[in-house]
Amino acid sequence: MKNVVIFGAPGSGKGTQSENIIAKYNFKHFSTGDILRKQIAEGTELGKIAKSFIDEGKLVTDELIINMLDKELESAKGANGVIFDGFPRTYAQAEALKVMLNKRGTDVAVMLNIQVDEPELVNRLLERGKVSGRSDDNMETITKRIKTYNEQTTPVIDFYKKEGTCVDIKGVGSIDDIFASISKAIDSAKEL
Ligand code: ATP
Ligand code: MG
């Protein structure tokens, strides 16, 4: 089993490249952002709480996210691999993911650190905002999300550097070229 963490700032292309990974490797995909948006659309209690954080460009609390993912992971049994998209987003989440996977006899095989400069991120998110209908794809929230990423999420890179599984991916260029780098990193990762 190959567990892949796809990591990067908001707008770095995690969702787009996850779709390419699924098509090629048939891995199971867990996007915490997508799961939360589904909860919001369904009007659940978790959705209501999550919306107030998301619209402020803040992170949903570690406890809610970790519990949510621990439950979702039950459906990953027997998968060839799993893509974690948008998770972990804090150092504590990275530690919790390791515990959750170790408990199931596995671990993260590779962490893809997709690198995109800030002006490009803002452009992409503003463009996406015109069609996505996402309440957080507007200038004010985008600025807050990038700040949250820089302050709370970048420490996750250190976690995986220490683990020895972090691979830097240049996230600017054609989608196909970026995916070629990603495929190479996944193919080189050790099966666990
Ligand atoms: P991308 O465009 O690269 O897919 P994104 O940052 O635009 O990334 P999502 O990953 O969909 O979007 O997340 C949207 C929001 O959901 C975040 O801004 C945050 O409020 C909340 N969220 C998602 N994952 C987590 C998490 N692991 N921990 C805390 N909050 C989260
Ligand atoms: Mg996404």
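Residues numbered from 1 in each chain as written. Chains lettered and ligands numbered in written order. Predicted model: local features only at pLDDT ≥ 70, side-chain atom pairs only at ≥ 80, totals over all residues. Heavy atoms only, no water.

Undergrad: Break down the packing of helix 6 (residues 118-132) against helix 7 (residues 139-153) for me, citing the residues and quoting the values.
TA: Each pair of packed helices gets described by two things: the angle between the helix axes and the distance between those axes. Running from N to C, helix 6 and helix 7 cross one another at 140 degrees; their axes reach a closest spacing of 10 Å. The angle between the axes of helix 6 and helix 7 places the two elements in the oblique class. When you trace helix 6 past helix 7, the crossing you get is right-handed. Between helix 6, through Glu118, Leu121, Val122, Leu125, Leu126 and Arg128, and helix 7, the contact on the second element is made entirely by Met139, Ile142, Arg145, Ile146 and Asn150. Broken down by class, the residue content of the contact of helix 6 with helix 7 amounts to seven nonpolar, one polar and three charged. (Axes fitted to C-alpha atoms, helices over the stretch in contact; angles between N-to-C directions. Helix = DSSP H or I, 4+ residues; strand = E, 2+ residues; numbered from the N terminus. Parallel < 35°, antiparallel > 145°, perpendicular 65-115°, else oblique. Left-handed = near helix turned anticlockwise from the far one by under 90°. Contact = heavy atoms within 4.5 Å. Nonpolar A, V, L, I, M, F, W, Y, C, P; charged D, E, K, R; others polar.)

Undergrad: Kindly report on the pattern of salt bridges, identifying the contributing residues and their values.
TA: For the coordinates displayed, the defined rule picks out 20 salt bridges. Among the ionic pairs, Glu74 bridges to Arg104, the shortest N-O distance being 2.7 Å. Of this pair, Glu74 sits in the loop between helix 4 (62-73) and strand 3 (81-85) while Arg104 is found in the loop between helix 5 (91-103) and strand 4 (108-115), placing the two residues 30 residues apart along the sequence. Judged by relative accessible area, Glu74 falls into the partly exposed class, the value being 41%. Salt bridges sharing partners connect three or more residues here, namely Asp70, Glu74, Lys77, Lys103 and Arg104. (Salt bridge = Lys/Arg side-chain N within 4 Å of Asp/Glu carboxyl O. Buried < 20%, exposed > 50% of the residue type's maximum accessible area, 1.4 Å probe, protein only.)

Undergrad: Residue-level account of the pairing of strand 3, with values.
TA: Of all five residues that make up strand 3, five are buried, and the element is covered over most of its length. Taking every second residue as pointing to the same face, both faces of strand 3 are buried, with Gly81, Ile83 and Asp85 on one and Val82 and Phe84 on the other. Bridge count between strand 1 (residues 2-8) and strand 3: five bridges; the pairing is parallel. The partner of Val4 across the bridge, within strand 3, is Ile83. One ladder, built from four bridges, connects strand 2 (residues 28-31) with strand 3; its direction is parallel. Pairing of Ser31 across the sheet is with Asp85, part of strand 3. (Pairing = 2+ DSSP bridges.)

Distances and angles like these do not, on their own, reveal function.
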